[in-house]
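# A closer look at the structure
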Amino acid sequence: MTSTDTRTSQGIGQSAPRPDGTLKVTGEFAYSSDLWLEDMVWGVTLRSPHPAARIRSIDLGPALAMPGVLAVLTHEDVPGEKHHGLELRDQPVLAVDRVRYQGEPVALVAADHPERARRAAAAIVVDYEVTEAVTDARRAAFDPACPKVGERGNILRHQPVRVGSVFEAPVVVTGEYEVGMQDQAFLGPESGLAVPAEDGGVDLYVATQWLHVDRDQIAPCLGLPAEKVRVSLAGVGGAFGAREDLSMQVHACLLALRTGRPVKMVYNREESFFGHVHRHPAWMRYEHGATRDGRLIYVKAEILLDGGAYCSSSPAVVGNAASLGAGPYEVGNVEIDAYGVYTNNPPCGAMRGFGAVQACFAYESQMDRLAEACGLSPVELRIRNAVSQGSRLITGQLIDSPAPLAGMLAELEAFPLPAASDGDLRELPGGVAQTTHGEGVRRGVGYGVGIKNICFSEGFDDYSTARVRLELAGGEPHVLVHTAAAEVGQGLVTVQAQVARTELGVERVTVAPADTTVGSAGSSSASRQSYVTGGAVKTACEAVRERLAELAAAHPGLTTTALLQRFGPVEETREYRHRPTFPMDPSTGQGDSHTQLALCVHRAVVDVDVELGLVKVVELAAVQDVGKVLNLLALEGQIHGGSAQGLGLALMEEVLVADGRLRNPSFTDYLIPTILDMPPMKVSILENPDPAAPYGLRGAGEPPTLSTTPAVVAAVRAATGRALSRVPIRPEHIALT
Amino acid sequence: MDETTRESPPSRRAFLSRSLTAGAGLAALGGTGTATAAAPAVAAAAAVDPPETLPVSLTVNGRRRTLRTDPRTSLLDALREDLGLTGPKKGCNQGACGACTVLLDGTRILSCITFAVMFEGAEITTVEGLADGDRLHPVQRAFVEHDGFQCGFCTSGQITSAVGLLAENPRPSTAEIKELMSGNLCRCAAYPNIVAAVESAAEGRS
């Protein structure tokens, strides 16, 4: 780890504290569910109980007759566009004559009390004609007789990757793998407050990841020009991808405009499971061919991703699964087909790792099988095939910045292993609930490697905007930074202030509330905001500095303070774009589709009670190359958090869907890691700069999520000897198969 | 003694206009915040009483409070909706996540799965009642120093829980901290830093 000289004490490279930290520890930080306004009323959503049905009729009469009810709306009350969506506007604001998934919004109620609103929604009579639900993704994709869920068929996107023609090898391993549907499970439920404005527009305060694309979907649905829909970020209680799509945004605005009152909507936990997209479940068939000494000759794969009832960001997820589908390994012959399909299951879209997670579990499982077949250690097999700077991805894209995977693996393997359990009951799998004395406990060690694209890919015009103002406040220089970038917990407000301090040498920096009165910052996703919004703030600061230098040159002898006193504040707004990316060829997958790639490697050590099927992760170790550390404390938090979510996918997290219906929409039935499930972590952070990125940084939030899952599963395999081709692993996969 | 009803919540306006500004992202570190959030002002609670209410008097953060509330109202809803204390969070409303943790006579409870009217005469402490004026509670300070949170939604409950834990066991081992904090979920998984923060507070280092 290197440190960096900075011009200020809390600049880039320092573990600057969070500006919002004190508010968060005192309970004063206002999350979207805490907002309150005089005359506020409450909005509630009526949702479909069926995964597939036609709506014969809707009788609003009983709801309208109830006391305190101010409005009851259906799709007929949507004044503008009836549909929204991130990539394809295929999702109805409110169901239009048909529902395609359980939980689809059908009607809205506004009332003066949340319970009254809920009871009124329950009083709406919807006459459904239940139709056949398509819930098998394979059938949806490949059975011509399958009913069509999407308007244009069930295949959302098919992305092949074709390289070379040699598909024979001395050593061949095959496998079929499955990844369950994971939920982002942020703790702060979907919520917001819509306030009707005097100009006929609406002001929306909401927890979201992407203010401008929210606005650009909301305004057409309301039949309003964009400038009449002003979106401000309210406190965000976690995101992880689940706030990239709309949830209650249009609904609250519709109710506010209809009633002329501020409308607050807050989902409860159960509704939250229906209110956002999940991680795509995946079914994957892989075949790896290699030489006897373990060098890859070819990779064949079919990756099937269930997109559920609406498009969301499925096409981009498919693109990632395809382009990163062989992992960070050199291989000259590739035949990958990645599919995203429509079904009547819950819609799936963005979640931390975004399409790269599912493929990573499969290709890493394959690398372990290949190592075994070749008589090599898992680390040695990976090192023999590892990419490095100058390698090409399977898309033909040159890796033109450092990618020291072999060295990372060697460093990871050299970490000392943790001591054996000392027999303390709390240390056993299952903790104090253990019913044995550990007779069946076996230890295992496993490795995982992941590669993630940073920023948006495939030709998306990906940029951020920053407005930076240098002024005097109380006679001292002060910087105001304004962007629309969503702080979702990752520490982005901290980083923006650090950049401004470093670039302008001014200690006092304020980051203004994020809203749509400044240009788009893009989404807080794809590990991209430090890169893109960091880059925008840096570029705007440089412009301010240039202006100041011009003034100083024209007026020699004047200090910055004197210049600001005489000429007033200096303000500059700049957009920042990363290097352009390009589409993947639709039939070969070739193209420079990514702008940056990030590597992370994990080693997991587990204790498994092979009789009870219980797993305890004893330790996770990780090596990650971040290019440049901006804020070590926040970065370590991202690595911990990403690893925990990968651990959750390996061992416990799954939205269970049966016949299109959610079985476990609660925190008692959908399990996420607790503090007891989180093992101690050893983390090594490398700083090999990417010359194309601001400060040489590499996005960091997602890569740890990828590599943790296969590492944990490999460790459980090592402890149990089980094949374990599906995540999350359930106790019965260990003890009863 | 304050008489609080749904029609006249105390301090609601001041409290929420301050925090709404904060929540909208105003972030002034070591500087003067000149930004103003174009955020709405704040005011009264829900407009209509449920059909039947019961009175309850309790001490919250050192202040005697009396309110009339539906007997089915959870303590969490009474704190958040009637008393304007939105520090305790509703993460699951079924006692599974711990975001609603408050102290009842110094002991940790989940305010979402208990009724407000059960607490006649009780002393409740929420996260808002931990600091001494502008001086943070040592546990709050430790969470800031160790970055014991990311999004912060669970933090009110984590900190309140940690304060209760240290009252139960002033010198917990690492294993005891993990066991005794395991009812408080953190989806950002700031867990290693939470452990470090509680250890630090226990050792009087924060």
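Quantities reported herein were computed from a predicted structural model and do not represent experimental measurements. (Residues numbered from 1 in each chain as written. Chains lettered and ligands numbered in written order. Predicted model: local features only at pLDDT ≥ 70, side-chain atom pairs only at ≥ 80, totals over all residues. Heavy atoms only, no water.)

## Some points on the overall build of chain B
A count of helical and extended segments in chain B gives 6 helices and 7 strands. Order of helices (α) and strands (β) in chain B, N terminus to C terminus: β-α-β-β-β-α-β-β-β-α-α-α-α. The 206 residues of chain B split such that 59% are buried. Excluding contacts between residues fewer than 6 apart, the proportion of contacts in chain B whose partners are at least 24 apart in sequence is 61%. For chain B, the accessible surface area stands at approximately 7500 Å², while carbon and sulfur atoms represent 51% of it. (Helix = DSSP H or I, 4+ residues; strand = E, 2+ residues; numbered from the N terminus. Buried < 20%, exposed > 50% of the residue type's maximum accessible area, 1.4 Å probe, protein only. Contact = heavy atoms within 4.5 Å. Areas by Shrake-Rupley, 256 points an atom, 1.4 Å probe, with all protein chains shown as cover.)

## Side note on the pairing of strand S10 (residues 171-179) of chain A
Strand residues, when the strand is regular, have side chains that alternate between the two faces of the sheet. Residue and element names in this part refer to chain A. Every second residue of S10 is oriented toward a common face, the buried set being Val171, Val173, Gly175, Tyr177 and Val179 and the non-buried set Val172, Thr174, Glu176 and Glu178. One ladder, built from 9 bridges, connects S10 with strand S15 (residues 282-290); its direction is antiparallel. Residue pairing in the sheet places Glu178 in a bridge with Trp283 of S15. (Pairing = 2+ DSSP bridges.)

## Looking at the sheet that holds S15(A)
All names here are of chain A. Reading across the sheet, the 6 strands line up as S9-S17-S16-S15-S10-S28 and stay open at both edges, with mixed pairing between neighbours. Looking at the sheet topology across the chains shown, the edges are occupied by strand S9 (155-163) and strand S28 (726-727). Looking at chain direction, strand S16 (residues 296-308) and strand S17 (residues 333-342) are connected through 10 bridges and run parallel. Looking at S17, one finds that Lys300 is bridged to Glu335. Contacting S10, S15, S16 and S28, helix H9 (residues 356-374) runs over the sheet at an angle of about 150 degrees to S10. (Axes fitted to C-alpha atoms, helices over the stretch in contact; angles between N-to-C directions.)

## Quick notes on H9(A)
Residues and elements named next belong to chain A. Over its 19 residues, H9 runs 26 Å from end to end, which matches the ideal 27 Å to within 8%, given 1.5 Å per residue. Counting buried residues along H9, 16 of its 19 residues qualify, which places the element largely inside the surrounding structure. Gly375 sits one or two residues past H9 and shows a positive phi near 70 degrees. (Expected span 1.5 Å × (residues − 1).)

## Things to note about the sheet that holds strand S23 (residues 596-609) of chain A
Residue and element names in this part refer to chain A. As summarised here, the arrangement of the 4 strands in space is S18-S23-S24-S27, forming an open sheet in which the pairing is mixed. The sheet is open, and its two edges are formed by strand S18 (441-454) and strand S27 (681-686), each paired on a single side. Neighbouring strand axes in the sheet, compared pairwise and without regard to direction, differ in orientation by 15 degrees on average. Examined bridge by bridge, S23 and strand S24 (residues 614-625) share 10 bridges and lie antiparallel to one another. Each residue of the ladder has a partner; that of Asp609, found in S24, is Leu614.

## Topic: the packing of aromatic side chains
Residue and element names in this part refer to chain A. With the rule as written, the count across this model stands at 14 aromatic pairs over all chains. Relative to Phe460, the ring of Trp210 lies with its centre 6.2 Å away and its plane at 65 degrees, an arrangement referred to as edge-to-face. Of this pair, Trp210 sits in the loop between strand S12 (202-206) and helix H5 (211-222) while Phe460 is found in the loop between S18 and strand S19 (463-473), placing the two residues 250 residues apart along the sequence. Assessed through its relative accessible area of 8%, Trp210 is described here as buried. By relative accessible area, Phe460 is classed as partly exposed at 38%. (Phe/Tyr/Trp six-rings, centres within 6.5 Å; stacked < 30°, edge-to-face > 60°.)

## What to know about the packing of helix H3 (residues 138-145) of chain B against helix H4 (residues 155-168) of chain B
What describes two packed helices is the angle between their axes and the distance between those same axes. Residues and elements named next belong to chain B. Where H3 contacts H4, the axes come no closer than 9 Å and their chain directions differ by 130 degrees. Here H3 lies oblique to H4, going by the angle between them. Taken as a pair, H3 and H4 cross one another with a handedness that is right-handed. Residue-level inspection shows Val139, Gln140 and Phe143 of H3 in contact with H4, the latter providing Thr155, Gln158, Ile159, Ala162, Val163 and Leu166. (Parallel < 35°, antiparallel > 145°, perpendicular 65-115°, else oblique. Left-handed = near helix turned anticlockwise from the far one by under 90°.)

## Regarding the domain arrangement of chain B
All names here are of chain B. Domain boundaries in chain B define domain 1 (49-129) and domain 2 (130-206). When each unit is reduced to the centre of its C-alpha atoms, the spacing between domain 1 and domain 2 is 21 Å. Between domain 1 and domain 2 lies a buried interface of about 1300 Å² when both sides are counted; carbon and sulfur atoms form 54% of it. Summed over the shared surface of domain 1 and domain 2, the number is 1 salt bridge. Summed over the shared surface of domain 1 and domain 2, the result is 8 residue pairs in polar contact (both at pLDDT 80 or more). (Domains from an automatic or database assignment. Buried area = accessible area lost by both parts, 1.4 Å probe. Salt bridge = Lys/Arg side-chain N within 4 Å of Asp/Glu carboxyl O. Polar contact = N/O pair within 3.5 Å; in protein donor to acceptor, adjacent residues only side chain to side chain.)

## Looking at the pattern of salt bridges
When the charged atoms of two side chains lie near each other, side chains of opposite charge can form a pair. Residues and elements named next belong to chain A. If you walk through the whole model with that rule in mind, you get 48 salt bridges over all chains. Between Glu572 and Arg547 there is a salt bridge, with the nearest N and O atoms lying 2.6 Å from each other. With Glu572 in strand S22 (residues 570-577) and Arg547 in helix H13 (residues 529-554), this residue pair connects regions lying 25 residues apart in the sequence. A relative accessible area of 12% means that Glu572 is categorised as buried. Overall, the relative accessible area of 31% leaves Arg547 in the partly exposed class. What emerges from the salt-bridge pattern is a single network uniting Arg138, Glu176, Arg285 and Glu302.

## Quick notes on the packing of H9(A) against helix H10 (residues 378-385) of chain A
Residues and elements named next belong to chain A. It is the contact of H9 with H10, at a shortest axis distance of 8 Å, that shows an interaxial angle of 110 degrees. The angle between H9 and H10 falls in the class roughly perpendicular. Seen from H9, the contacting residues are Glu364, Met367, Asp368, Leu370 and Ala371; seen from H10, they are Pro378, Leu381, Arg382 and Asn385. By residue class, the composition of the contact of H9 with H10 is 5 nonpolar, 1 polar and 3 charged. (Nonpolar A, V, L, I, M, F, W, Y, C, P; charged D, E, K, R; others polar.)

## Some points on the nonpolar core
One finds Tyr286(A), Ile303(A), Phe667(A), Val716(A), Phe143(B) and Ile194(B) to be the most contacted residues of the largest nonpolar core, which totals 144 residues. The element that contributes the greatest number of residues to this core is H9(A), accounting for 11 residues. Every residue in contact with Ile303(A), bar those within four places of it in the chain, is listed here: Trp283(A), Met284(A), Tyr286(A), Ala321(A), Ile336(A), Asp337(A), Ala338(A), Tyr339(A) and Ala359(A). By size, the runner-up hydrophobic cluster in this structure holds 43 residues, among which are Tyr267(A), Ala485(A), Val488(A) and Leu492(A). (Core = buried A, V, L, I, M, F, W, Y, C linked by side-chain atoms within 4.5 Å.)

## Overview of the domain arrangement of chain A
Quoted interface sizes are often the accessible area lost when the parts come together. Residues and elements named next belong to chain A. Domain assignment breaks chain A into domain 1 (21-30 + 463-577), domain 2 (32-131 + 189-236 + 243-275) and domain 3 (282-457 + 585-735). Taking only C-alpha atoms, the centre of domain 1 and the centre of domain 3 are 36 Å apart. Facing 18 residues of domain 1, the contacting portion of domain 3 comprises 21 residues. Carbon and sulfur atoms make up 62% of the surface buried where domain 1 meets domain 3, a total of about 1400 Å² over both sides. For the domain 1 face of the interface with domain 3, the top three residues by lost area are Ala526, Ser527 and Tyr531, together amounting to 46%. At the boundary of domain 1 and domain 3, one finds 0 salt bridges.

## Description of helix H2 (residues 75-82) of chain B
Residues and elements named next belong to chain B. Burial analysis of H2 places 7 of its 8 residues in the buried class, the great majority of the element. All of the buried residues along H2 are Leu75, Leu76, Ala78, Leu79, Arg80, Glu81 and Asp82. Positive phi appears at Gly84, one or two residues downstream of H2, with a value of about 70 degrees.

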